[in-house]
Amino acid sequence: MSKIDESRPFLPVRIAVLTMSDTRTKKEDKSGSLLAEMITAAGHEVADRNLVADDVAAIQTVVKGWIDDPNIDVVITTGGTGFTGRDVTPEAVRPLFEKDIEGFSVVFHILSYQKIATSTIQSRACAGVAKGTYIFCVPGSPGACRDAWEGILRWQLDNRHRPCNFVEIMPRLEEHRAS
């Protein structure tokens, strides 16, 4: 289904990866490591990587810093999208969105359903744009990270993807501020 126009030059984007966990260290962070590997393998740059506790203020501090950093185009978070009391990623990140990317959650759940059936409803994966930075929040399992990357982000973050992609509209994300 995804089509790459090989006549167009590839444009790498700078992606920051944030893992939310109260139980893992960076060394034990399989999902963040997998995302970083897939990002690099696709030709993009891992601009930064961090791990914070499941805490709204801690998450917002890191994500806000990356939104304000002109050297980061995309933020991908992993973890904290479930329903337990400590799962607070959507509560931390959604208030930062200027625009929601509702289709990301829809497509993520379609892909996830094909692998884990109705268990996909336990995820609150979400995405949005803030100050020209794309933000994607995916569950903390390596499988969910792979589904999000291989099924959606790999294609939408490739400027050669047709008929359209996120990269080609990046220069226009901030046009409302120019006036």
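That block above? That's the structure.
Structure report, in brief.

Conventions we followed
- Residues numbered from 1 in each chain as written.
- Predicted model: local features only at pLDDT ≥ 70, side-chain atom pairs only at ≥ 80, totals over all residues.
- Heavy atoms only, no water.
- Helix = DSSP H or I, 4+ residues; strand = E, 2+ residues; numbered from the N terminus.
- Buried < 20%, exposed > 50% of the residue type's maximum accessible area, 1.4 Å probe, protein only.
- Contact = heavy atoms within 4.5 Å.
- Salt bridge = Lys/Arg side-chain N within 4 Å of Asp/Glu carboxyl O.
- Expected span 1.5 Å × (residues − 1).
- Pairing = 2+ DSSP bridges.
- Axes fitted to C-alpha atoms, helices over the stretch in contact; angles between N-to-C directions.
- Parallel < 35°, antiparallel > 145°, perpendicular 65-115°, else oblique.
- Left-handed = near helix turned anticlockwise from the far one by under 90°.
- Nonpolar A, V, L, I, M, F, W, Y, C, P; charged D, E, K, R; others polar.

By the secondary structure assignment, Gln 156 is in helix 5 (residues 142-156). Judged by relative accessible area, which is 18%, Gln 156 ranks as buried. A sequence separation of 22 residues divides Gln 156 from Ala 178, and the C-alpha atoms of the two residues are 25 Å apart. Among all residues touching Gln 156, those that are not within four sequence positions of it are His 161, Cys 164, Asn 165, Phe 166 and Val 167.

Overall, the coordinates contain 13 salt bridges when judged by the stated rule. Residue Asp 158 is joined to Arg 160 by a salt bridge in which the shortest nitrogen-to-oxygen separation is 2.8 Å. Like Asp 158, the residue Arg 160 is buried in the burial classification. Its salt-bridge partner being Arg 162, residue Glu 168 comes within 3.1 Å of it at the nearest N-O pair. Under the relative-accessibility criterion, Glu 168 is labelled partly exposed at 31%. A cluster of three or more residues bridged by salt bridges with shared partners is formed by Glu 6, Asp 158 and Arg 160.

With that settled, consider helix 1 (residues 30-41). Taking 1.5 Å as the rise per residue, helix 1 with twelve residues should run 16 Å; its terminal C-alpha atoms sit 16 Å apart, in good agreement. Those residues of helix 1 not exposed but buried are Ser 31, Gly 32, Leu 34, Leu 35, Ala 36, Met 38 and Ile 39. Close packing links the buried residues of helix 1 with strand 2 (14-20), strand 3 (45-52), strand 4 (74-78) and helix 5. At the C-terminal side of helix 1, Gly 43 shows a positive phi close to 100°.

Moving on, we come to the pairing of strand 3. Side-chain direction in a regular strand flips from residue to residue, so the side chains alternate between the two faces of the sheet. Relative to strand 3, strand 2 runs parallel, the two being bridged by seven bridges. Along strand 3, the bridge assignment pairs Met 20 with Val 52.

The contact between helix 1 and helix 5 brings their axes to 9 Å, and the two run at 25°. When the axis of helix 1 is compared with that of helix 5, the two are roughly parallel. The handedness of the crossing between helix 1 and helix 5 is right-handed. In this structure, helix 1 contributes Lys 30, Ser 31, Leu 34, Leu 35, Met 38 and Ile 39 to the contact, and helix 5 contributes Pro 142, Cys 145, Arg 146, Trp 149 and Glu 150. For the contact of helix 1 with helix 5, a count of residues per class yields seven nonpolar, one polar and three charged.

With that settled, consider unusual backbone geometry. Generally, phi is negative for residues other than glycine and the peptide bonds are trans, each holding for most cases. Cis geometry is found at the peptide bond from Arg 162 to Pro 163, where omega equals 20°. For Pro 163, the location among the structural elements is in the loop between strand 8 (161-162) and helix 6 (166-169). If you check the backbone angles, Ala 117 has positive phi at about 55° while not being a glycine. Topologically, Ala 117 is positioned in the loop between helix 4 (102-116) and strand 6 (126-130). The class of Ala 117 is partly exposed, set by a relative accessible area of 35%.

This part is about the environment of Val 13. Inspection of the secondary structure assignment puts Val 13 in the loop between strand 1 (3-4) and strand 2. Separated by 26 residues in sequence, Val 13 and Ile 39 have C-alpha atoms that sit 9.3 Å apart. Beyond its immediate stretch of four places on either side in the chain, Val 13 contacts His 44, Glu 45, Asp 73, Val 74, Leu 157, Val 167 and Met 170.

Within strand 6, five of the five residues are buried, which leaves the element mostly enclosed by the surrounding structure. Taken together, the two bridges between strand 5 (residues 99-100) and strand 6 define a ladder with antiparallel strand orientation. If you follow Asp 100 over to strand 6, its bridge partner there is Gly 128. Pairing geometry for strand 6 and strand 7 (residues 133-138), over five bridges, is antiparallel.

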